[in-house]
Amino acid sequence: MALFTLRSLRKDFGIKEILKDASFSLDEGDKVGLIGTNGSGKSTLLKMIAGLEHHDGGDLWVNSSAKIIYLPQQPDLNEENTVLEQVFADSGEQMSLVKEYEEISDKLTHGHGDLDRLLEDLSRVSERMDQIGAWDLETTAKIILTKLGIDDLEAKIGTLSGGYRKRIAIASALLSAPDVLLMDEPTNHLDALSVEWLQSYLNRYRGALLLITHDRYFLDKVTNRIIEIDRGDLYNYSGNYSYYLEKKAEAEESVTNTQRKHAGLLRRELEWLKKGPKARSTKQKARIDRAHDLQATEFKQANAKVDITTVGRRIGKKVVELDCISKSYGDRTLIKDFSYNFTPEDRIGIIGSNGAGKSTLMNMVIGRLQPDQGTVEIGTTIHFGYFDQHSDDLAQYGDLRVIEYLKNVSELVKTSDGSVITASQMLERFLFPPNQQYSPINKLSGGEKRRLFLLKVLMEAPNVLILDEPTNDLDVQTLAVLEEYLEDFNGCVIVVSHDRYFLDRTVEMVFSFEPEGEIRLYPGNYSIYLEYKKDEAEQEASDAKAQSNKGAKEQKSSNSAPFVPDIPKVETKKLSQLSYKEKREYEELEAKIPKLEEEKTQTEKKLYHNAPSGHAELQKLSARLTELNQAIEKSTERWLALAERI
């Protein structure tokens, strides 16, 4: 069943035609990735489907019974809500029932109100909660928030950063269980573990999905269909991102071959016309008409790609030397006793959770921030290019025209092949056509602003290039070209990113931010780093098991050892005061409690680290965890009572 359908949809912003004749449908179970260059209209299309943007022509039909949730890049949340209140905002009847159930239970507990009426209401609410599966709502919410790195559930939205707000918006969207989920760059501001969890969750998600993302691993694993926006036209590919790349290459090769054949035929026909045939037979007139038709035939050019051809700058042997640097804020240590000497050939990837200190390290590397301890020495030939996470440089130039912003760097640009081109020509190579070059910067899309800022950074000819979350808002085509550019870049490259694909393509060493301010170095790209971490985890588990076995053997040896004279006789006398049955109970509890603790640990892992797909299984695990907590508490109290007598 179709959830929404577009027929010949059109959208025009005056200086740019976003959609010309767009048609496609989203059906139940579809998981569609929407791709295209920055500014091609991806976000605009999602807004039109969500009813937040009007269209200029054509038809847009939305199934009235379908629940659609739109997750924008910058979600608008109620700043007065707590995290839990915001997450439940779109849960509708489920959340209302949970609140009503808690209120009735509270009245029953304190004896407020008519008992019979309260019991009747409680029965009614409980029955309805069973029908719509509302019992596990709060548990599910806490699991999702934990997986997305949100711990303080009572924090006010207004006190949280943009990254945390995005995570809360994702949790709210997932918890509302819509029929259609529209997601615009959901992986921005998520660390690698959160991205992997979200990827796994959406693979099991039963609703339909239409998403925009730069994360190509994510796109490849989650989608079963790709729609590309190319200069106002939509192209549909029935497969994931890998399938799209394969078919796109085949299509471009086919078009190239067709154009080559067309050019050859046109050349032969024109040569025949130049001979000026004397006879004008019907056959010859038909051939003349065919030649004119061939001349009039137009082919859509291959999709333009960003052309990064800026000139480099000489780099010396000394780049940046960090010697025992440390940095703390209050009682929180971000970096502790870290030393490293960067080389001209370095390709470094820096990873860690949000707020771990990655950007702090970069600011110390370039000299914007001083360490609390240690030294930072920068080579005399070093010229930094810092592509920061928020493109802060653009904020102060919002009203400036695009061409004027770039001319502030240089009117003329020397390219890698030695030629000199104008700033306007350089903008065209970065997919800014002449009519767009005279638009104010604040009229550009988020992705276009990022692309413009990248061009400005590269035009300054850095020999140490620092990319802080470069994949945020850049389209996959630009990222692919940037990756190729970095392969041949003559200088040091430092990348701060959560994008697994980009890290695999560009880095040869990983700096991992660990607890207590430690930074660990792992040779290789991100996938190799994951293998190291997997091996470390397996080794730790093996060591823990060996230690546990050793402890068990020592305990067994101790239990079977002969009587030790220096144990006070009074203790032995007290032990004899326990009955035979109580002695057996004491020994059984000593064996039982560790088993209950182990089962509790395993149940928590299933519940919080490998979230079950079905609500029934989720409820079952939650109930079992409650039983285990009660059993452990009861058994421990009894064991302590017996132990006191011993």
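Right above here is the structure, for reference.
(A) Representation of the overall build of the protein in the model. Looking only at helices and strands, the protein features 22 helices and 20 strands. Residues counted as buried form 45% of the 646 residues belonging to the protein. The long-range share in the protein, meaning contacts at least 24 apart out of those at least 6 apart in sequence, stands at 69%. Roughly 34,000 Å² of accessible area belongs to the protein as shown, and the carbon and sulfur atoms make up 48% of that amount.

(B) Quick peek at the nonpolar core. Grouped together as the largest cluster of nonpolar side chains are 52 residues, with contacts concentrated most on V83, V87, L174, L181 and L202. Ignoring anything within four residues of it in the chain, the contact list for V83 reads L145, I150, D152, L153, A155, I157, L160 and I168. Residues L406, F432, Y485 and F489 belong to the second largest nonpolar core, which totals 43 residues.

(C) Inspection of the sheet that holds strand β11 (residues 332-341) at higher detail. An order of β11-β10-β13 is seen for the three strands of this open sheet, with the pairing classed as antiparallel. Each end of this open sheet is capped by a strand with a single partner; those strands are β11 and β13 (373-378). Strand-to-strand, the axes of this sheet are offset by a mean angle of 20°, without reference to chain direction. Here strand β10 (residues 320-329) pairs with β11 via six bridges, running antiparallel. Following the sheet pairing, E321 is matched in β11 by N341. The strands that helix α11 (residues 358-365) touches are β10, β11 and β13; relative to β10, the one it contacts most, it runs at about 135°.

(D) Seen up close, the sheet that holds strand β1 (residues 2-12). Spatial strand order, β2-β1-β4: three strands in an open sheet with antiparallel pairing. Of all the strands in the sheet, the pair left with one neighbour each is β2 (17-27) and β4 (57-62). The average undirected angle you get between the axes of adjacent strands in this sheet is 10°.

(E) Just the environment of R451, in detail. Along the chain, R451 turns up in helix α16 (residues 446-459). Considering only alpha carbons, one finds R451 and S391, 60 residues apart in sequence, at a separation of 9.8 Å.

(F) Highlighting the packing of helix α6 (residues 162-175) against helix α7 (residues 192-204). Running from N to C, α6 and α7 cross one another at 15°; their axes reach a closest spacing of 13 Å. Here α6 is positioned roughly parallel relative to α7, judged by the angle of their axes. α7 is crossed by α6, and the crossing has left-handed handedness. Touching R167, I170 and L174 of α6 are S194, W197, L198, Y201 and L202, all from α7. Across the contact of α6 with α7, the residue classes tally to six nonpolar, one polar and one charged.

(G) Highlighting the packing of aromatic side chains. Applying the stated criterion to the full structure yields 14 aromatic pairs. Both rings, one in Y522 and one in Y529, keep their centres 5.0 Å apart while their planes meet at 85°; by these two values the pair is edge-to-face. By relative accessible area, which is 3% here, Y522 ends up buried. Clustering of aromatic rings is evident, with ring pairs tying together F338, Y340, F342 and F511. It is R167 that lies over the ring of Y164; its NZ or CZ is 5.7 Å from the centre. Over the ring of F432 we find R451, and its NZ or CZ is 5.0 Å from the ring centre.

(H) Structural context of α7. Along its 13 residues, α7 runs 19 Å from first to last C-alpha, staying within 8% of the 18 Å computed at 1.5 Å per residue. Considered for burial, the residues of α7 that qualify are A192, S194, V195, W197, L198, Q199, Y201 and L202.

(I) Representation of the side chain of H498 in the model. With respect to the helices and strands, H498 occurs in the loop between β18 (492-496) and α18 (500-506). Judged by relative accessible area, which is 8%, H498 ranks as buried. Here the side chain of H498 touches L190 through a polar contact of 2.9 Å, landing on its backbone oxygen. In terms of polar contacts, H498 uses its side chain to reach the backbone carbonyl oxygen of G352, at 3.1 Å.

(J) View of the pairing of strand β12 (residues 347-351). Counting buried positions along β12 gives five out of five residues, so the element sits mostly inside the fold. Of the two faces of β12, both are covered, the one formed by R347, G349 and I351 as well as the one formed by I348 and I350. Sheet analysis places β12 next to strand β19 (residues 509-513), joined by four bridges and oriented parallel. Looking at the pairing, I348 lines up with M509 of β19.

(K) Unusual backbone geometry, seen in detail. Unlike most non-glycine residues, L431 shows phi in positive territory, near 65°. As for its position among the elements, L431 is in the loop between α14 (423-429) and α15 (434-437). A positive phi angle, close to 65°, is found at E516, a residue other than glycine. Of note, E516 is situated in the loop between β19 and β20 (519-523). You can call E516 exposed: its relative accessible area is 67%.

(L) Main features of the environment of Y485. Among the structural elements, Y485 can be located in helix α17 (residues 476-487). Separated by 21 residues in the primary sequence, Y485 and T506 have C-alpha atoms spaced 9.8 Å apart.

(M) Here's a closer look at the side chain of R450. On the secondary structure map, R450 appears in helix α16. A residue is classified by how much of its surface remains accessible, and R450, at 3% relative accessible area, is buried. Those residues in contact with R450 that sit more than four places away from it in its chain are F387, D388, Q389, H390, S391, D468, E469, P470, N472, D473 and L474.

(N) How the structure looks around α16. With 14 residues, α16 should cover 20 Å at 1.5 Å per step; its first-to-last C-alpha distance of 20 Å lies within 8% of that length. In terms of burial, α16 is a largely internal element, 12 of the 14 residues being buried.

Conventions used here
Chains are numbered independently. Their residues run from 1 in the order of the written sequence. With pLDDT at 70 or above as the cut-off, local features in this predicted model cover only qualifying residues; side-chain atom pairs require 80 or more to be listed or tallied, and sums for whole chains, interfaces and linings still use all residues. Water and hydrogen atoms play no part in the side-chain values, which are based on all heavy atoms of the structure. Secondary structure follows DSSP: runs of H or I at least 4 residues long count as helices, runs of E at least 2 residues long count as strands, and numbering of each begins at the N terminus. The cut-offs for exposure are 20% and 50% of the maximum accessible area for each residue type, with area from a 1.4 Å probe on protein chains only; residues under the lower value are buried, those over the upper are exposed, and the others partly exposed. Any pair of residues with heavy atoms lying within 4.5 Å of one another is described as a contacting pair. Note that accessible areas follow from Shrake-Rupley with a 1.4 Å probe, and for residues the cover is restricted to the protein chains shown. Within this scheme, the nonpolar core is defined by two criteria: the residues are buried Ala, Val, Leu, Ile, Met, Phe, Trp, Tyr or Cys, and they are joined through side-chain atoms within 4.5 Å. By the convention used here, strands pair only if DSSP detects at least 2 bridges between them. Only the contacting stretch of a helix is used when fitting its axis, a line to C-alpha atoms as for every element, and angles between N-to-C directions run 0 to 180 degrees. Angles are sorted into four bins: roughly parallel if under 35 degrees, roughly antiparallel if over 145, roughly perpendicular if 65 to 115, and oblique for all others. Crossing handedness follows the turn of the near helix against the far one: under a right angle anticlockwise gives a left-handed crossing, and clockwise gives a right-handed one. Think of it as three bins: nonpolar holds Ala, Val, Leu, Ile, Met, Phe, Trp, Tyr, Cys and Pro, charged holds Asp, Glu, Lys and Arg, and polar takes everything else, Gly as well. Pairing of aromatic rings covers Phe, Tyr and Trp, the last through its six-membered ring, and needs centres within 6.5 Å; plane angles under 30 degrees mean stacked, over 60 mean edge-to-face, and all others mean tilted. Only Lys NZ and Arg CZ are tested; either one counts as a charge over a ring when it is within 6 Å of the ring centre and within 35 degrees of the ring normal. By this rule, a helix spans an expected 1.5 Å times one less than how many residues it contains. Within 3.5 Å is the distance limit for a polar contact, defined as a pair of N or O atoms, with the added protein rule that one can donate a hydrogen and the other accept it, and that residues adjacent in sequence qualify only through two side-chain atoms.

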